[in-house]
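Structure assessment
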Amino acid sequence: EALPLLVVANEKNATGAVQSALAYSYLQLGKYAQAEALYSRLFKAEPGNADVGFRLAECYAMQNDDRAAMDRLNQVLRLAPNHGEARALAGYLCYAHGDLAKAEEHLRVAIDQADHPALVALVLTQTLRAAGKDKEADECWAEFGGKVVAAAQSGASTEMAAVKSTSWTMTGQLPKDDVKR
C-alpha cells in the first residue's frame, strides 16, 4: 500500500530514508532488481553502513548471484563482525555450497545475534548433521527445535534470507529432512 507513495516521494525528494524504505518495500515484494539498484546507490553513499550492505547482499542472493552476495557479506562482516543477519546469510550460502566448516563458523556466531535464532538453528542443525556431528546437532535441536516446530504448527512460513532456489522455511524443513534445492 505504501509503495506508490514511496515511489512518488523518491522522485520528488530522494533522501536516504525514503530510498531505504522504498528499497526495503521492493525487497519484500520480490522486486529484487529494483531493490538492488536503490541499495547500491545507498551503499555507495554510505559504504560504512553494514545494514545497507547486508540488504544489498540479500538482493544478490535472491537473484541467485551467490558470489556477489558472499563478496558483499565479507565486506559487511569486516565492518560489523557480529552482524547476525549477515552471519546467518553467509552461513546459509556456505552450507548451500558445501562449505560445512565455514557454514558452522558463521551460524554459531549468528545464532546469538540473529533476529530469528530458531531459523539459524534449523540450518546449523542441518549443517552439523551433514558434517557428521550428530551429538552437537541433537543439542542444537533440543535447545531451539521446539520453537521451530511450534512456529511451523501455527502456520508460520518465514523465509530466512536465502536464495530462492535453496530457501529454507520453517514449514516442512525440519533438520532431518533433505535439503530442498
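Preceding this section is the structure that the text describes.
Summary of the structure given here. (Residues numbered from 1 in each chain as written. Predicted model: local features only at pLDDT ≥ 70, side-chain atom pairs only at ≥ 80, totals over all residues. Heavy atoms only, no water.)

Thoughts on helix α5 (residues 66-79)
- Here α5 contains 14 residues, and its C-alpha end-to-end distance of 20 Å stays within 8% of the 20 Å for a straight helix at 1.5 Å per residue.
- For α5, the complete set of buried residues consists of D66, A68, A69, M70, R72, L73, V76 and L77.
- Buried residues along α5 sit in contact with α3 (32-45), α4 (50-62), α6 (84-96) and α7 (100-113). (Helix = DSSP H or I, 4+ residues; strand = E, 2+ residues; numbered from the N terminus. Expected span 1.5 Å × (residues − 1). Buried < 20%, exposed > 50% of the residue type's maximum accessible area, 1.4 Å probe, protein only. Contact = heavy atoms within 4.5 Å.)

Concerning the side chain of R72
- Within the secondary structure, R72 sits in helix α5.
- One buried charged residue, R72, remains without a salt bridge, the closest side chain of opposite sign being E36 at 8.1 Å.
- If we skip the residues at most four places from it in the chain, R72 touches F43, G53, L56, A57 and Y60. (Lys, Arg positive; Asp, Glu negative; His and termini not counted. Salt bridge = Lys/Arg side-chain N within 4 Å of Asp/Glu carboxyl O.)

A closer look at unusual backbone geometry
- A positive phi is found at N64, a non-glycine position, where the angle reads about 65 degrees.
- Tracing the backbone shows N64 in the loop between α4 and α5.
- Residue N64 is classed as partly exposed on the basis of its relative accessible area, which comes to 45%.

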